[in-house]
Protein chains: 2
Amino acid sequence: MNEIASPPKQKRTSVGDIVDYLYREITSLRLLPGTRISETDVAERFGVSRQPVRDAFRRLETMDLILVRPKKATEVKKFSARAIEKSRFVRAAVEASALREASKYCDKAGSYQLDACIAMQHKALAEMDARGFAKLDYEFHEAICDIGRVPYAFEVIQVEKAKVDRLCMLGLSKEQRMPELIADHEAIANAIKAHDGDAAVAAGMRHLSRLDETIAAIRISSAAYFDENDG
Amino acid sequence: MNEIASPPKQKRTSVGDIVDYLYREITSLRLLPGTRISETDVAERFGVSRQPVRDAFRRLETMDLILVRPKKATEVKKFSARAIEKSRFVRAAVEASALREASKYCDKAGSYQLDACIAMQHKALAEMDARGFAKLDYEFHEAICDIGRVPYAFEVIQVEKAKVDRLCMLGLSKEQRMPELIADHEAIANAIKAHDGDAAVAAGMRHLSRLDETIAAIRISSAAYFDENDG
DNA sequence: GGATACAAACTTGGATACAAGTATTGACTG
DNA sequence: CAGTCAATACTTGTATCCAAGTTTGTATCC
């Protein structure tokens, strides 16, 4: 019943460590949705008492990563269609605003930043470096927020993205999608550089919509990991 | 050192109760930013052990309402200029999206809903019922999200609004502002009913910008409650 | 053979005792 | 009188024990 991998060796155990560890395990999908985890079990594996584990669970609970059912069990939270919709909406809203701001404030330096990032994405495509591409994708969206002078926007995008990333790891690799994603980025960059906010938003929304297909596919193929009750 | 008011009488004490109680105390500003609160103190006042209080603290911590400094003390979190900016940005982005959606989908029923809400706001103004107006203001924004078919948008707005509401209670009462706020609402409603998304967003952003002046004033008058380090 | 009831083993919730670190306050010394 | 150092009183962090509830397995009875 416990597919929990042993934690890496570390002397300094603390609530933060446990949270970080479980966070990585869950978001990386090494702990699948629905997996039951026990306070005593985690405590033993970390060589600490239940107390710090309890604290860690509380924090993970507010992150919507685990579901604590009193007196019953604690398990990795399943995906919720409604939560995904909400996350997508927030991300779309924030990204749209960031794109508008970026279109307003983009200057020479910003244009160069975008072009450079896209150039490296082409390079990653040529080398079939999916991992590198993921990082560049990350940096591209960060650059947009920087150019738009809304650094907190990227923080929000990151948080929302993390929720969906867990889901997307169930789908097929990004490698096949790289070409069209780069094309999206180019359309976005061009609109920003042309100071055309509406076009930038339109391109950005097209970019986001690609996620919808992926999620829809996963929802069918991995229905077991979805919570039909929602929540 | 402890200005914590005694909790209301209640037999069934639980983590949720403590969270709710402290949440109200903090957001209502009965517990001022910087006030030190102790686990043992709260535990005694509730007649429980430190354990449930700790759990409650963890949850309030992730809500950004308290700041736990290990081995030192726990205090009500001060206001952070950066957090306020971030909250404002998120709220603006989400509200803009909701306004666009509402402008798309508004029908007869939606128009009536908006008009009815505004009519009641006029009534609250005539009666100088600030408390009732606050609730109607709340309902107005909820109606927009309903019409736009983005119920989760209102959840986000609520969360972000709560953060700023705590701050705004330091400022002058809303009573003086009611007329201009109603005028804003009318402009927003008219734009939505005319299916003019751009105008709705513009009016909505004007509405939000009124908050900026209020916050700026508070920041000067109540600098003691602001965290100069930010974070 | 099937259903029901009881018991044992699991889970988290809560209480208490102890450990570790910080700040404050007091005394002592220059 | 001022400065420094140490002790004490505070804080949260951790460990352990007990309580309460759910599930599950097993034995017994029909």
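Shown above is the structure to which this text applies.
Keep in mind that what you see is a predicted model, and the values were worked out from it rather than measured. (Residues numbered from 1 in each chain as written. Chains lettered and ligands numbered in written order. Predicted model: local features only at pLDDT ≥ 70, side-chain atom pairs only at ≥ 80, totals over all residues. Heavy atoms only, no water.)

What to know about the pairing of strand S3 (residues 73-76) of chain B
Residue and element names in this part refer to chain B. Basically, it comes down to this: Per-residue accessibility, obtained with a 1.4 Å probe over protein chains only, is compared with the maximum for each type, and a residue is labelled buried under 20%, exposed over 50%, and partly exposed between these values. Numbered from the N terminus, helices here are DSSP runs of H or I no shorter than four residues, and strands are runs of E no shorter than two. Between any two strands, at least two bridges found by DSSP are needed for them to pair.
Residues Ala-73 and Glu-75 line one face of S3 and the alternating positions Thr-74 and Val-76 line the opposite face, and both faces are buried. Inspection of the sheet shows strand S1 (residues 36-37) paired to S3 by 2 bridges, in the antiparallel sense. By the bridge assignment, Ile-37 is partnered in S3 with Thr-74. Linking strand S2 (residues 66-69) back to S3 in an antiparallel pair, the connection comprises 3 residues, with Lys-71 at a positive phi of about 65 degrees.

Thoughts on the protein's contact with DNA strand D
Threshold: When we say a residue is near a molecule or strand, we mean one of its heavy atoms is within 4 Å of it. By the criterion applied in these results, polar contacts are pairs of N or O atoms within 3.5 Å in which, for protein atoms, one can donate a hydrogen and the other can accept it, and in which residues neighboring in sequence qualify only through two side-chain atoms. Three categories are distinguished: nonpolar for Ala, Val, Leu, Ile, Met, Phe, Trp, Tyr, Cys and Pro, charged for Asp, Glu, Lys and Arg, and polar for the others, with Gly belonging to the last.
The local shell around DNA strand D holds 21 residues, among which Ser-49 of chain A together with Arg-50, Arg-54, Arg-58 and Thr-74 of chain B are the closest. Backbone atoms, meaning sugar plus phosphate, form 64% of the atoms of DNA strand D positioned within 4 Å of the protein. In this structure, Glu-39 of chain B approaches DNA strand D through a main-chain N or O atom, which is 3.2 Å from a phosphate oxygen. At 3.1 Å, a side-chain N or O of Thr-74 of chain B approaches a phosphate oxygen of DNA strand D. For the surface near DNA strand D, the secondary structure elements donating two or more residues are helix H3 (50-62) of chain A together with helix H2 (39-46), helix H3 (50-62) and S3 of chain B. Residue composition of the surface near DNA strand D, grouped by class: 6 nonpolar, 6 polar and 9 charged.

What to know about the side chain of Asp-55 of chain A
Using the following cut-off: Note on contacts: a residue pair qualifies if any of its non-hydrogen atoms lie within 4.5 Å across the two residues.
Relative to the helices and strands, Asp-55 of chain A is located in helix H3. For Asp-55 of chain A, a relative accessible area of 1% translates into the label buried. Polar contacts involving the side chain of Asp-55 of chain A include one to the side chain of Arg-54 of chain B, which spans 2.5 Å. Excluding residues within four positions of it along the chain, Asp-55 of chain A makes contact with Val-15 of chain A together with Arg-54, Asp-55 and Arg-58 of chain B.

Digging into the pairing of S2 of chain B
All names here are of chain B. Covered by surrounding structure in S2 are Ile-66 and Val-68 only, the residues Leu-67 and Arg-69 on the alternate face being uncovered. One ladder, built from 4 bridges, connects S2 with S3; its direction is antiparallel. Residue pairing across strands places Val-68 opposite Thr-74, the latter belonging to S3.

Let's talk about the interface of chain B and chain A
How we decide: Accessible area that two parts lose when put together, with a 1.4 Å probe and added across both, is what the buried area reports. Note on definitions: salt bridges are taken to be side-chain nitrogens of Lys or Arg within 4 Å of carboxyl oxygens of Asp or Glu.
Facing the 22 residues of chain B at the interface are 22 residues of chain A. Here chain B meets chain A over a buried area of about 2200 Å², counting both sides, of which 60% is carbon and sulfur. Together, Lys-86, Phe-89 and Tyr-152 of chain B form the three largest contributors to the area buried by chain B at its contact with chain A, with a combined 29%. Here chain B is connected to chain A by 8 salt bridges. Arg-54 of chain B is the salt-bridge partner of Asp-55 of chain A, the closest N and O atoms lying 2.5 Å from each other.

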